[in-house]
Amino acid sequence: MPELQPTVAVLTALPLEYKAVQAHLRDVRKREHPRGTRAAVGQLPGTPWSVALVEMGEGTLTAAALTERVMTWLEPQAVLFVGVAGSLKSDIGLGDVVVATKVYGIHGGKETPEGFLVRPEAWRASHRLTAAAREALRDDPHAHLKPIAAGDVVLAAPESALAEHLRRHYNDAAAIEMEGSGVVSAVDLAGGDALVIRGISDRADADKSLTDGEGWQPRAAENAAAAAVAVLRELRPFRGGRVGGSGSDREAEDSEEGPHRGATGATGAAYGGDHLDFRGSTFNGPFVAKRVDRER
């Protein structure tokens, strides 16, 4: 029986983002969750990955709920959220790609007579995925590994109260989008790995409609999809489909049931004789054993 391919989930909010990723997949088939969520599952050529592509729609709450569903339904080894965003920095231009090293949830806080007191939430990107992104995109001058801000709002006014809020409290954020915090919080609660990759389609200013009309959204989505593919070409699956943990491949092998293999690969060779294997055992009381020397 052929070994099942490991799965990575790629999530998008908009149809154009979905199409940009789908263009890289081959042998696509449809899957449907009992509650109606749809996924297009295809092979990413040149990689070991089976990619489950899901268009979630807009909004943080929707993103969080559907990401949790994807985690339990498809059990991906990693989750990539891919799409477009607005730039918050003058040196990050249209068409550039921002890979989020950290995602801020920007709406937490307390309103007081003295003013609004920020209570920031932030999720760091998976080190495993960030390392793959650094390797894949190191020579691309239009790719930036920077924090992003996420909230249920479209920013199209650089002198607005929201823009000032971002400059004052989230000054290192390079881009703003809507759903990233929902995705990464859901993956974090599930104990998984997540990475947000956004192509810059506007400058979060009054010209947003103009740049959208000039076709920057599909171009930015295509660039984000290409960056996601580059990351997946660098990313290696967990051995044996493991979703977490640490250690070498030999340690991963030794975590499986069955006799351990010694340094030479022979079963039991590392033990030099008889042994008791307690892996996977449960004891409701003390364990008692007696060693008996026998003639050989």
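Structural data are supplied above this passage.
Residues numbered from 1 in each chain as written. Predicted model: local features only at pLDDT ≥ 70, side-chain atom pairs only at ≥ 80, totals over all residues. Heavy atoms only, no water.

(A) Summary view of helix H3 (residues 127-137). Every buried residue belonging to H3 is among Arg 128, Leu 129, Thr 130, Ala 132, Ala 133 and Leu 137, and all of these are buried. Against the buried residues of H3 lie strand E5 (78-87), strand E6 (97-105), strand E10 (143-150), strand E12 (194-202) and helix H7 (216-234). For H3, the capping residue at the N-terminal end is Ser 126, with a side-chain oxygen 3.2 Å from the backbone nitrogen of Arg 128. (Buried < 20%, exposed > 50% of the residue type's maximum accessible area, 1.4 Å probe, protein only. Helix = DSSP H or I, 4+ residues; strand = E, 2+ residues; numbered from the N terminus. Contact = heavy atoms within 4.5 Å. Polar contact = N/O pair within 3.5 Å; in protein donor to acceptor, adjacent residues only side chain to side chain.)

(B) Fine view of the packing of H3 against H7. At a minimum axis distance of 8 Å, the contact between H3 and H7 shows a crossing angle of 110°. Classified by the angle between their axes, H3 and H7 sit roughly perpendicular to one another. Contacts between H3 and H7 pair Leu 129, Ala 132, Ala 133, Glu 135, Ala 136 and Leu 137 from the former with Ala 227, Ala 230, Val 231 and Glu 234 from the latter. For the contact of H3 with H7, the class distribution of residues is eight nonpolar, no polar and two charged. (Axes fitted to C-alpha atoms, helices over the stretch in contact; angles between N-to-C directions. Parallel < 35°, antiparallel > 145°, perpendicular 65-115°, else oblique. Nonpolar A, V, L, I, M, F, W, Y, C, P; charged D, E, K, R; others polar.)

(C) A look at the nonpolar core. Counting 69 residues, the largest nonpolar core has Leu 11, Leu 80 and Ile 197 as the members making the most contacts within it. Per-element accounting of this core gives the leading share, nine residues, to H7. Ignoring sequence-local partners within four residues, the contact set of Leu 11 consists of Val 54, Met 56, Thr 67, Val 70, Val 79, Leu 80, Phe 81, Val 82 and Val 183. Grouped together as the second largest cluster of nonpolar side chains are 11 residues, Ala 149, Ala 163, Leu 166 and Ala 173 included. (Core = buried A, V, L, I, M, F, W, Y, C linked by side-chain atoms within 4.5 Å.)

(D) Region of interest: the pairing of E12. Burial analysis of E12 places nine of its nine residues in the buried class, which makes it a mostly covered element. Bridging between E5 and E12 involves eight bridges; their strand directions are parallel. From the neighbouring strand, Ala 85 faces E12, where its bridge partner is Ile 200. With three bridges joining them, E6 and E12 adopt antiparallel strand pairing. Note that in E12 the partner of Val 99 across the bridge is Ile 197. (Pairing = 2+ DSSP bridges.)

(E) Quick look at unusual backbone geometry. Positioned with a positive phi, Glu 75 is a non-glycine residue whose angle comes to about 50°. For Glu 75, the location among the structural elements is in the loop between helix H2 (60-74) and E5.

Any functional reading would require information that these geometric values do not contain.
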